[in-house]
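Residues per chain, in single letters:
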Amino acid sequence: MKVRTRFAPSPTGYLHIGGLRTALYAWLYARKNNGEFILRIEDTDQQRLVPGACDVIYSTLKETGLTYDEGPDIGGKFGPYIQSERKGLYREYAHNLVAAGAAYYCFCTKERLDALRSDCEQAGCVFKYDKHCLALTKEEIRAKIDAGEPYVIRQNIPLEGETAYTDAIFGEITVPNSDMEDNILLKSDGLPTYNLANVVDDHLMDITHVIRGIEYLSSTPKYNLLYKAFGWEVPQYIHLPPVMRDQQHKLSKRHGDASFEDFVQKGYLKEAIVNYIALLGWSPPDNREIFTLAGLAEVFSLSGISKSPAIFDEDKLKWMNGEYIRALPPEEFERVARPYMAQAIDVDKFDTALIARLIQPRTEVLTDIPGKLEFLEAFPKYDLALFAHKKMKTTPESALPVLLRAKETLAALGDYSPETLHDALLPLAAEMGIKNGQLLWPVRIAISGTAVTPGGATEIASLLGKQEVLRRMEESIARLRAAVQ
RNA sequence: GGCCCCAUGGUCAAGCGGUUAAGACUCAGGCCUCUCACGCCUGCUACAGGGGUUCGAAUCCCCUUGGGGUCACCA
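### Side note on the layout of surface pockets
The computed volume of the largest pocket comes to approximately 970 Å³. Together, 34 residues line the largest pocket, and Ala8, Pro9, Ser10, Glu215 and Tyr216 are the ones closest to its centre. Going through the elements one at a time, strand S1 (4-7), helix H1 (17-32) and strand S8 (209-213) are the ones with two or more residues in the lining of the largest pocket. For the lining of the largest pocket, the leading source of residues is H1, giving four residues. Considered class by class, the residues forming the lining of the largest pocket number 16 nonpolar, nine polar and nine charged. Along its surface, the second largest pocket is lined by 20 residues, and Cys108, Thr109, Lys110, Leu113 and Ile184 are the ones closest to its centre. When contributions to the lining of the second largest pocket are tallied by element, the ones reaching two or more residues are helix H4 (110-123) and strand S4 (152-155). Residue contributions to the lining of the second largest pocket peak at four residues, all from H4.

### Description of the sheet that holds strand S10 (residues 243-246)
Strand order in the open sheet made by the three strands is S11-S10-S12, with mixed pairing throughout. Either end of the sheet is taken by a strand with one partner, and the two such strands are strand S11 (249-250) and strand S12 (310-311). Here two bridges tie S10 to S11, and the two strands are oriented antiparallel to one another. If you follow Asp246 over to S11, its bridge partner there is His249.

### Looking at the side chain of Thr64
Position of Thr64 among the secondary structure elements: in helix H2 (residues 53-64). In this structure Thr64 comes out as buried when scored by relative accessible area, which is 7%. In this view, Thr64 contacts Leu20, Phe260, Val274 and Leu293; residues no more than four positions away in its chain are not counted.

### Quick look at the sheet that holds strand S3 (residues 103-106)
Sheet strands pair via backbone hydrogen bonds, and the direction of the pair is either parallel or antiparallel. Read from one edge of the open sheet, three strands run S3-S4-S7, paired in antiparallel fashion. Looking at which strands have only one partner, the edges of the open sheet turn out to be S3 and strand S7 (184-186). With direction set aside, neighbouring strand axes in the sheet form an average angle of 45°. Across the sheet, helix H3 (residues 87-99) touches S3, S4 and S7, and the angle it forms with S3 is around 105°.

### Concerning the protein's contact with RNA strand B
Surveying the vicinity of RNA strand B reveals 67 residues, the closest of which are Thr44, Gln248, Glu289, Arg362 and Gly455. Considering RNA strand B, the proportion of its atoms within 4 Å of the protein that are sugar or phosphate atoms stands at 72%. With respect to RNA strand B, the side chain of Glu42 contributes an N or O atom lying 2.7 Å from a sugar or linking oxygen. Elements supplying a minimum of two residues to the surface near RNA strand B: strand S6 (171-176), S12, helix H11 (314-327), helix H17 (436-448) and helix H18 (457-464). Residues of the surface near RNA strand B, tallied by class, amount to 27 nonpolar, 20 polar and 20 charged.

### Some remarks on unusual backbone geometry
Along the chain, Gly79 connects to Pro80 via a cis peptide bond; the corresponding omega equals -5°. Positionally, Pro80 belongs in the loop between H2 and H3. Phi at Lys131 is positive, roughly 60°, even though this residue is not glycine.

### Some thoughts on the pattern of salt bridges
Where charged atoms from two side chains of opposite charge approach closely, those side chains can pair. If you walk through the whole model with that rule in mind, you get 28 salt bridges. With a shortest N-O distance of 2.9 Å, Asp202 and Arg40 are connected by a salt bridge. Within this pair, whereas Asp202 is found in helix H6 (residues 194-204), its partner Arg40 is found in the loop between strand S2 (36-39) and H2, the two being separated by 162 residues in sequence. The exposure class assigned to Asp202 is buried, which follows from its relative accessible area of 1%. Arg48 is paired through a salt bridge with Asp45; the nearest N and O atoms lie 3.3 Å apart. Three or more residues joined by partner-sharing salt bridges are found here, namely Arg6, Arg40, Glu42, Arg86, Asp201 and Asp202.

### A few points about the nonpolar core
Counting residues in each nonpolar core, the largest one holds 110 residues, and the members touching the most others are Phe312, Phe333 and Met341. It is H1 that contributes the most residues to this core, 10 residues altogether. Leaving out residues up to four positions away in the same chain, Met341 has contacts with Val347, Thr352, Ile355, Ala356, Ile359, Ile369 and Leu373. Within the second largest apolar cluster, 46 residues are counted, among which are Tyr90, Tyr129, Ile157 and Leu185.

### Observations concerning the packing of helix H9 (residues 270-278) against H11
Taken N-terminus to C-terminus, the directions of H9 and H11 make an angle of 130°; their axes are 9 Å apart at the nearest point. Put simply, H9 runs oblique to H11. For the pair H9 and H11, the crossing hand works out as right-handed. For the pair H9 and H11, contact is made by Glu271, Ala272, Ile273, Asn275 and Tyr276 and by Lys316, Leu317, Met320, Asn321 and Tyr324, respectively. Split by residue class, the contact of H9 with H11 holds six nonpolar, two polar and two charged.

Analysis parameters
Residues numbered from 1 in each chain as written. Chains lettered and ligands numbered in written order. Predicted model: local features only at pLDDT ≥ 70, side-chain atom pairs only at ≥ 80, totals over all residues. Heavy atoms only, no water. 1 Å grid on protein atoms, 1.4 Å probe; cavity = no way out; pocket = protein on both sides within 12 Å on 5 of 7 lines; lining within 4 Å. Points joined across faces, edges and corners; volume = space filled by probe spheres on them. Helix = DSSP H or I, 4+ residues; strand = E, 2+ residues; numbered from the N terminus. Nonpolar A, V, L, I, M, F, W, Y, C, P; charged D, E, K, R; others polar. Pairing = 2+ DSSP bridges. Buried < 20%, exposed > 50% of the residue type's maximum accessible area, 1.4 Å probe, protein only. Contact = heavy atoms within 4.5 Å. Axes fitted to C-alpha atoms, helices over the stretch in contact; angles between N-to-C directions. Near = heavy atom within 4 Å. Polar contact = N/O pair within 3.5 Å; in protein donor to acceptor, adjacent residues only side chain to side chain. Salt bridge = Lys/Arg side-chain N within 4 Å of Asp/Glu carboxyl O. Core = buried A, V, L, I, M, F, W, Y, C linked by side-chain atoms within 4.5 Å. Parallel < 35°, antiparallel > 145°, perpendicular 65-115°, else oblique. Left-handed = near helix turned anticlockwise from the far one by under 90°.

Structure follows, in structure tokens:
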């Protein structure tokens, strides 16, 4: 039988990192097994509809390369793929369940339920629906429905016994029936709850492997009772442990660390994010860490999935993002970096190819690019103490004569390529009998006014150009003169 | 709280009864070097605790502790 997996998010307006990882694993499993990956939108909660939310899901999946074979926007032979468009179906199946005795009508009002709940709370017990409406006769039910009383359909769960199933990751899971509630299957608005919809759709859509979050681990027996009542074959279950922010909190929207988009905005490359989350909760058979999607699909296996929650480590993501950035072809890096350069400098005034070459190995996230370039656009009013460098044994005093000589050389030079500058300045150091660093450190400070720059004196000088270099040299020399005196 | 599940360094993790308990990130030190970074090398840090089973336990069992999940007309 052909493997079919699905990703079934609720349209909340953003794609949670944990959700993305679930989608990734479902996608990988399908691809690895030459199967199909389906996208289904679970929008049965009318209260939480967010306009445009589906588009976020479609576009994120496409941007990350998690292509689906069937889905709302591309169709497929098991459509529609949006649950609200399948309303009639669920109603029909819910009624079949009632006919089979596996479900029943419930007319209990919110008030009665609330009263029951608070009584329970006072008594210190856990609330569970009391099957009150199960006792209704056919006639009573008919009368209520004819009278237009709103109703829901509840699952009729046995009071005794237990229900078990085997999860591919966690093994055998057994839950006492008495712990399960007669959940609502069909709401009074005619739409199904997840309890019904996931079962009906997974079956109708021929899903063979249900890959989803661990929050469903202990409610899965209930769904299996439904499969059984329908006479359907249950799928293989694969529950995934959660992605955490720290030991006790999940990644949350509030903390700005929950959605894929948040990380893209923070300057992470899409490929790096996907690669990182693939490793959060799953490990490959070997020690590799850098994978393309295709590479992952080749080695992905359920046996590598771990059982315990994984804490999202942004430090490691940063490192991985750096790896991806460094691996980019130079032109490609320049292209993605350019908008970030533009935040700090006038990109038409500078040699952006050279800048790109300099910052590529120094960039971990795209967003730290502007900060590295500010000194190019505006010469900072720096502290003269910057001329002091312990290892180089330079001081503001020793810098002055060095700068005077360097300025002469710099003024005499026509070509300002890094190579020419290099070839002119190094001999000067030799001639002066000082170390390269003792010459180049003061020069770099004098023209950048910045302790740490992406590149050395010759490279910075090249970027700045002769005119600006000489201007900055003069200004620095003047300030030094005034201070040293 | 009931029920279900989990437990190797700060983090991700390998390990499937016999290992000097991998690797990666972080951190520290060093090399390289025109600053920083990159790269390269070295180092610090772990089997939650207690009982069993076994010739032998990180690996199997039990308890404790800690953590997660779940108990909605949400998914």
